[in-house]
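# Close look at the chain arrangement
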Amino acid sequence: MPDRVEPCLALLAKRVPAAGDWAFEIKWDGYRLAVQIEPGRVRIITRGGHDWTHRFPAIEAAAKVLGPTTMILDGEAVVLDDGGRSNYGMLQAALGGRGGKRVAGEALFYAFDLLYFDGHDLRGMEQRERRAMLEDAIDEGGTVIRLSEAVEGEGAAILAHVCKLGLEGIIAKDRRAPYRSGRRGDWLKLKCIQSDGFIVVGFELSTKVPGAISRLLLAARRGDELVYVGGVGTGFTDKMARDLRKQLAAMRAKVPPVALNRKNAVFCEPAFVAEVTYTEITSDRKLRHPSFKGLRELADNVDVHELKE
């Protein structure tokens, strides 16, 4: 059994593929995880290779029930809101931010692929074959570890319906493809709204809420450099704004990560990525109508928006 498998990543697409044999699933908004089950041991590994077993005790307990058969499940840890939608901000709050000080006991795990089972590496099999085995391996009535259901129908119609429900989007998967690590186009992500990760390079202090920030200052990548793309000042509560200040103030940068002359800016080390929704990036490379969704750690190999040259 592999010690770790680099995940297959979805390539962002502007439209549903018109040709080919594709399966469609809901795009979950949480933490990508591999649940690795062996006799007497369960490990929960993040996309960046960190062992977070201790941070998801309910998922660990549910995985032990699936054993002692060896298996590697690929999926997403989520917390659902009252409407049954995955909410990254709620998951982040459950985990308590950076440092692993809290556990997310209320997190669920939606499994969408099976990479290893009962001593056999399944990555060379077609997606539809792995999917059939996954459906046999996961109890349909599971409360913590659940099957990420395939949605039957025409892709464009599925995407339109998902968007009406207020969900983030869908994932299209080539049914004939093996499981290949990296972003090769075997999986495509189609979003209802623009949503990307931007590196946090600093913040501005709030004049209304004591001990809080008013805006996060953000940058995108352009080759090897960071380019300032504006700030985001909506999407977080007063408590989140205070927590963000405490978290970022502990990582102040001696040298600004970007060339920016703002009198009230406090610069920090580029260690975090803010998930942000927005309508567009303007011609002068600034985010339009941004709203904050949550914070991820750059060290966990999260996606960061790349500006075109």
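Residues numbered from 1 in each chain as written. Predicted model: local features only at pLDDT ≥ 70, side-chain atom pairs only at ≥ 80, totals over all residues. Heavy atoms only, no water.

## Topic: the sheet that holds strand S9 (residues 169-174)
Spatially, the four strands line up as an open sheet ordered S1-S10-S9-S2, and their pairing is mixed. In this open sheet, the two strands that pair with only one neighbour each are strand S1 (11-12) and strand S2 (22-26). Bridge count for S2 against S9 is five bridges, and the pairing is antiparallel. Across the sheet, residue Phe24 finds its bridge partner in S9, namely Ala172. (Pairing = 2+ DSSP bridges. Helix = DSSP H or I, 4+ residues; strand = E, 2+ residues; numbered from the N terminus.)

## Focus: helix H1 (residues 57-66)
What sets the pattern is the α-helix's 3.6 residues per turn: residues three or four places apart point alike. Looking only at H1, the buried set comprises Ile59, Ala62 and Ala63. Relative to the axis of H1, the buried residues are bounded by an arc of 105 degrees and lie together on one face. Facing away from the buried side of H1 by more than 90 degrees, the exposed set consists of Lys64 and Val65. Packing partners of the buried residues in H1 comprise strand S3 (31-38), strand S4 (41-46), strand S5 (71-78), strand S6 (108-117) and strand S8 (145-147). (Buried < 20%, exposed > 50% of the residue type's maximum accessible area, 1.4 Å probe, protein only. Arc of directions from axis to C-beta. Contact = heavy atoms within 4.5 Å.)

## Points about the environment of Pro256
Counting through the fold element by element, Pro256 comes out in the loop between helix H5 (238-249) and strand S14 (265-267). Placed 142 residues apart in sequence, Pro256 and Leu114 show a C-alpha to C-alpha distance of 44 Å.

## Some details on the packing of aromatic side chains
Taken as a whole and judged by the stated rule, the model has eight aromatic pairs. Considering the side-chain rings of Trp28 and Tyr110, the 4.0 Å spacing of their centres and the 15 degrees angle between planes classify their relative orientation as stacked. On the criterion of sequence distance, the pair formed by Trp28 in the loop between S2 and S3 and Tyr110 in strand S6 is long-range, its members being 82 residues apart. On the basis of relative accessible area, Tyr110 is assigned to the buried category, the value being 9%. By way of ring pairs, the aromatic residues Tyr31, Trp52, Phe56 and Tyr88 are connected into one cluster. One Lys or Arg, Arg55, reaches over the ring of Trp52 and ends 4.5 Å from the middle of that ring. When the ring centre of Trp187 is taken as origin, the NZ or CZ atom of Lys173, which lies over that ring, is 4.0 Å away. (Phe/Tyr/Trp six-rings, centres within 6.5 Å; stacked < 30°, edge-to-face > 60°. Lys NZ or Arg CZ within 6 Å of the ring centre and 35° of its normal.)

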